[in-house]
There are 6 protein chains.
Amino acid sequence: MILLTRKAEFSSSHYYWSDQLSPEENVRLFGKCANRNGHGHNYTLEVTVEGEVDPVSGFVVDLKELKEVIHREVVDVYDHRHLNLEVPEFKHVIPTTENLAIAIWKRLENQIEGAKLHRIRIYEKPDLFSDYYGEA
Amino acid sequence: MILLTRKAEFSSSHYYWSDQLSPEENVRLFGKCANRNGHGHNYTLEVTVEGEVDPVSGFVVDLKELKEVIHREVVDVYDHRHLNLEVPEFKHVIPTTENLAIAIWKRLENQIEGAKLHRIRIYEKPDLFSDYYGEA
Amino acid sequence: MILLTRKAEFSSSHYYWSDQLSPEENVRLFGKCANRNGHGHNYTLEVTVEGEVDPVSGFVVDLKELKEVIHREVVDVYDHRHLNLEVPEFKHVIPTTENLAIAIWKRLENQIEGAKLHRIRIYEKPDLFSDYYGEA
Amino acid sequence: MILLTRKAEFSSSHYYWSDQLSPEENVRLFGKCANRNGHGHNYTLEVTVEGEVDPVSGFVVDLKELKEVIHREVVDVYDHRHLNLEVPEFKHVIPTTENLAIAIWKRLENQIEGAKLHRIRIYEKPDLFSDYYGEA
Amino acid sequence: MILLTRKAEFSSSHYYWSDQLSPEENVRLFGKCANRNGHGHNYTLEVTVEGEVDPVSGFVVDLKELKEVIHREVVDVYDHRHLNLEVPEFKHVIPTTENLAIAIWKRLENQIEGAKLHRIRIYEKPDLFSDYYGEA
Amino acid sequence: MILLTRKAEFSSSHYYWSDQLSPEENVRLFGKCANRNGHGHNYTLEVTVEGEVDPVSGFVVDLKELKEVIHREVVDVYDHRHLNLEVPEFKHVIPTTENLAIAIWKRLENQIEGAKLHRIRIYEKPDLFSDYYGEA
C-alpha cells in the first residue's frame, strides 16, 4: 500500500459571517475576516490517495485521470469564485479552512477510480492549513 | 550604495472590469477574472530601498520603521479588503498586478526616511509578478 | 474530527555540548555544532491541533487565540535568544531538533482551549525537521 | 518516541514504458512520459526515522551518519543517472514516484543504526509525491 | 514603464558533452553531467516583458496570450524531451543553463505582442540559474 | 554577456551592538537584536557572476570552481560561527545584512576566474535581503 499526493491551486474570495451571531459577535469572533465585501486567497490543495501499485503501470492511480477529477470536481467550481456567494455548500456553512477540507473530501470521496481517498490538505496561506481524513 | 528588500503579505479580493468596455468585451478580455462577485489572492510585496550604509548602525534604513511604514501605508489599507470596492485608487483603475505595483510605489515613495525607494515588486501568485521602478 | 496547523518562526542561537562527554568526544560527536560561541537558525514551527469543527464558527480553535498562545508560550521565549544560555529547559538538555519538539510540546500541551495538541513539527533548516506526537 | 526527517536531492532521467504493453498502449497510458529518449526531474527525497532520543546526545540518530547512508545508498546511485538504464531495480520496474518510494525504502530499511525507518517521501515535482511506510 | 514576469516549468533530460573535447576532457570538465545516458531537471522559466500599462485593460500584455506564447514556443518543445537529442538548437550547442537562457530568448524575442522581452531567467535547480537580457 | 547565479547557505550567530552607542541607545535602536548572548539565522547567499559564454563548454564559469570558491572564501569561514566573535571583518562592523553583502563581495571580488562578480544577495530570513553590486 502506498500513498500518492497531487497538488492543485485555486484563487477565491470568501468572508466569515454567521447569521446565528449578531453583527457585533461576528466582528468580535472573525475580526477583519468578517468584512462583507470579501477578501481572498491563493489556496493550495493536496489530494492524497492510497492503494496498491499496479504491477504493469507502476501507478496507484492514473495521474491524468486524478488531475482531471480534481479539476472537474473542485478547481473548476471554486477557482475565481466567491465561495460564500457561488458555491452551494457554503451557502450556510462558513468557508473556513476546516470546512473547505471537509467539503472537498465530500466532492472527491467517490470519484477516484481504483484507489481510496486518504487525506485532503488545504492551505489558505503558507502558514495555515487543515487536514481531513474522512469520518473514522 | 546598497539595496535592502523587505517582504510583506496581504490577502485581498478583486475583479477585472472596465466600464469603458461592454460586458462581452470584459469577459472576452478578462475571462474568469471578470466575475463581479470577485476572487482573491495572497499577495506578496517586496519593497526595495537604496541608500548608504550608516557607519554606526550598519543599516540603510531602520528596519522597524520600514516595516511600520509598509504596514501603515499598504498592508493596513489593502489586507482583507476588496480592492475595487474599498481602496480609493482602484475606484476607476483595474487592480492588475501592474497597477498594484504603481499604486504601492505612490503610497511609499515619500515615506521612507533616509533612503530612496528603488523598486516595488508584487506577486499576485507565485508564478506572476510585476516590478515598478518609478518614473524614469 | 479535523486537524488544523499553524506555523510560526523564531531565530535563535544554540550549540551542542554535553557535560557528560569529554571535549574530544563532544567535538567528535557534534562536529562544528560543538563551537561554544554558538551558531543559529531560523526555526519554523508547525503546531497541529485536532478537534471537532464548531458548527457556528466553522473553527476547530479560535485562530487568534491559537496564534497568541504560540507566541506567548514559545516565540516570545525562544526568539532572538541563545537557547542553551537563556531558556530554562535547555540548561541541561541539548537543544537538538528532537529536544526542541519535545520541549515545545510540553509548553503547549495544556494551553490549547477546546482542542487537543496533535503534533509539533520543528524545522531547524528546510532539510531537517522533527515531529513529536506526545507520549503514546 | 520521536520522528526525525532529513531531505536530500538528486537529478535523474527516466521514461515510462512497459514491455507488457503494445507501443500504442504505452503512449495512451503514459502520454509524453513514454518518450524513449527520456526526460528528467529534480527529485526531493525525505527520509523519516523513528526512535528514542538518546539522553546524552539528544539525537534519535547521528545526523552525519544518516546523511552518509542516504548518499551512499541512494543519491550516489540515482543522481545524474538514467534510472531505467543504469539502476538495477528499474530494469523491469517502471520508475514512477510510487516505485521510487518502494525502491528507496528497500535500499535504506536495514541501514539505519539505532533507529527504525518510518517513511520514505519522494517528490518528482513540487506538486507530485509518494509516501511509503513499508509492508504493514 | 513596468515589468511583468510570468513563470513556467518543464521537465527535460540533457547531458554535457562537447565533440571538440576528448572523452577524458569531457569527463574532467563536466564530471557526472557527462554521462551520455542523460540526467534531468525540473526547469523553472521566468519570462519578463516590459512596456506601458494599457489604460483600459491595466495590462502590459494580455496574460492569456503571454502564457500561450511561452507554451507554444518553449514548453511544448522542451517539456518531456531530451534537449540534446530532440531540440534543434542543442544539436551542436551544450544545453547549459546559460545556453538555455539564450535559446529561449531567441525563441520568444519576436513573439510578444505589444511589449518588449526584457529578461529570461532559467533555473536548472533551485540553487542555480542564468539571466539573459539579449544583445546589448 | 550573461549572468549566472549560484546559491549557498550558512547558519551563524550574531548580535547588533555598537560601542559608539550607549547600552540604552543600542537597545532602543536594535531591540531584541541587541541581546549579547546572540541569536542566529540560516543565511541564503546568491552569488551572481557575469561574462561571456565559452563556446566549447557552454559555461560562463566552471560550476565546480565557483562552488569551491564560495565555500572556501565564505561558507567555511561563516558557517556555524558567531560572526561578531569569530569573523575578523565583523570585529568592529555590525553584521547586518547590508554589511554582510559588502563583506562577502570583498571576499569574492578577486576570486572568480574568467568572469566578473556582478551581485551579492544575502537573505537573513526569507522576508529580508540585501543586494550589493560593488562600488560604482
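Residues numbered from 1 in each chain as written. Chains lettered and ligands numbered in written order. Predicted model: local features only at pLDDT ≥ 70, side-chain atom pairs only at ≥ 80, totals over all residues. Heavy atoms only, no water.

Here the focus is the arrangement of the chains. These two, chain A and chain E, are apart from each other, with no contact and a minimum C-alpha gap of 15 Å. One finds no contact between chain A and chain F; the C-alpha atoms of the two approach each other to within 13 Å at their closest. (Contact = heavy atoms within 4.5 Å.)

In the superposition of chain F on chain C (RMSD 0.0 Å, axial shift 0.0 Å), the rotation amounts to 180°. Taken together, the rotation and translation relating the two chain copies correspond to the operation of a two-fold axis. Both copies contact each other with a shared surface, as 100% of the interface residues of chain F are interface residues in chain C too. (Least-squares fit on C-alpha atoms with pLDDT ≥ 70 in both.)

Turning our attention to unusual backbone geometry. Residue and element names in this part refer to chain B. Of note in this structure, His80 is not a glycine but carries a positive phi near 60°. The topology assignment puts His80 in the loop between α2 (63-78) and α3 (83-86). Residue His80 is classed as buried on the basis of its relative accessible area of 7%. (Helix = DSSP H or I, 4+ residues; strand = E, 2+ residues; numbered from the N terminus. Buried < 20%, exposed > 50% of the residue type's maximum accessible area, 1.4 Å probe, protein only.)

To continue, consider the interface of chain C and chain D. Often, the extent of an interface is quoted as the loss of accessible area upon association of its parts. Taken together, the contact between chain C and chain D spans 23 residues of the former and 18 residues of the latter. Roughly 1700 Å² is buried in total at the junction of chain C and chain D, and carbon and sulfur atoms are behind 57% of that figure. Put simply, chain C and chain D have zero salt bridges between them. Here chain C is connected to chain D by eight residue pairs in polar contact (both at pLDDT 80 or more). Sorting the residues of the side of chain C that touches chain D by element identifies α1 (23-30), α4 (97-108) and β4 (128-132) of chain C as the ones contributing at least two each. Taken together, the residues of the side of chain C that touches chain D break down into twelve nonpolar, seven polar and four charged. Here β4(C) pairs with strand β1 (residues 2-14) of chain D via four bridges, running antiparallel. (Buried area = accessible area lost by both parts, 1.4 Å probe. Salt bridge = Lys/Arg side-chain N within 4 Å of Asp/Glu carboxyl O. Polar contact = N/O pair within 3.5 Å; in protein donor to acceptor, adjacent residues only side chain to side chain. Nonpolar A, V, L, I, M, F, W, Y, C, P; charged D, E, K, R; others polar. Pairing = 2+ DSSP bridges.)

Attention shifts here to the packing of helix α2 (residues 63-78) of chain D against helix α4 (residues 97-108) of chain D. How two helices pack is summed up by the angle between their axes together with the distance between the axes. All names here are of chain D. The geometry of α2 relative to α4 is characterised by a closest axis approach of 10 Å and an angle of 140° between their N-to-C directions. The angle between the axes of α2 and α4 places the two elements in the oblique class. Helix-helix and strand crossings are classified by hand; for α2 and α4 the assignment is right-handed. The segment α2 lies against α4, with Val69, Ile70, Glu73, Val74, Val77 and Tyr78 engaging Leu100, Ala103, Ile104, Arg107 and Leu108. Of the residues belonging to the contact of α2 with α4, the class tally is nine nonpolar, no polar and two charged. (Axes fitted to C-alpha atoms, helices over the stretch in contact; angles between N-to-C directions. Parallel < 35°, antiparallel > 145°, perpendicular 65-115°, else oblique. Left-handed = near helix turned anticlockwise from the far one by under 90°.)

Once that is clear, we can look at the packing of aromatic side chains. Per the counting criterion, the structure on display carries 48 aromatic pairs over all chains. Summarising the aromatic geometry, the rings of B:Phe59 and F:Tyr16 are spaced 5.8 Å apart at their centres and angled 75° between planes, so their arrangement reads as edge-to-face. Of this pair, B:Phe59 sits in the loop between β2 (39-51) and α2 while F:Tyr16 is found in the loop between β1 (2-14) and α1 (23-30), placing the two residues in two different chains. Overall, the relative accessible area of 3% leaves F:Tyr16 in the buried class. An angle of 75° between the planes, with centres 5.6 Å apart, marks the rings of B:Phe59 and F:Phe30 as edge-to-face. Residue B:Phe59 is found in the loop between β2 and α2, and its partner F:Phe30 is found in helix α1; the two belong to separate chains. Through a chain of ring-to-ring contacts, three or more aromatic side chains come together here, namely A:Phe10, A:Tyr43, A:Tyr78 and A:Phe90. (Phe/Tyr/Trp six-rings, centres within 6.5 Å; stacked < 30°, edge-to-face > 60°.)

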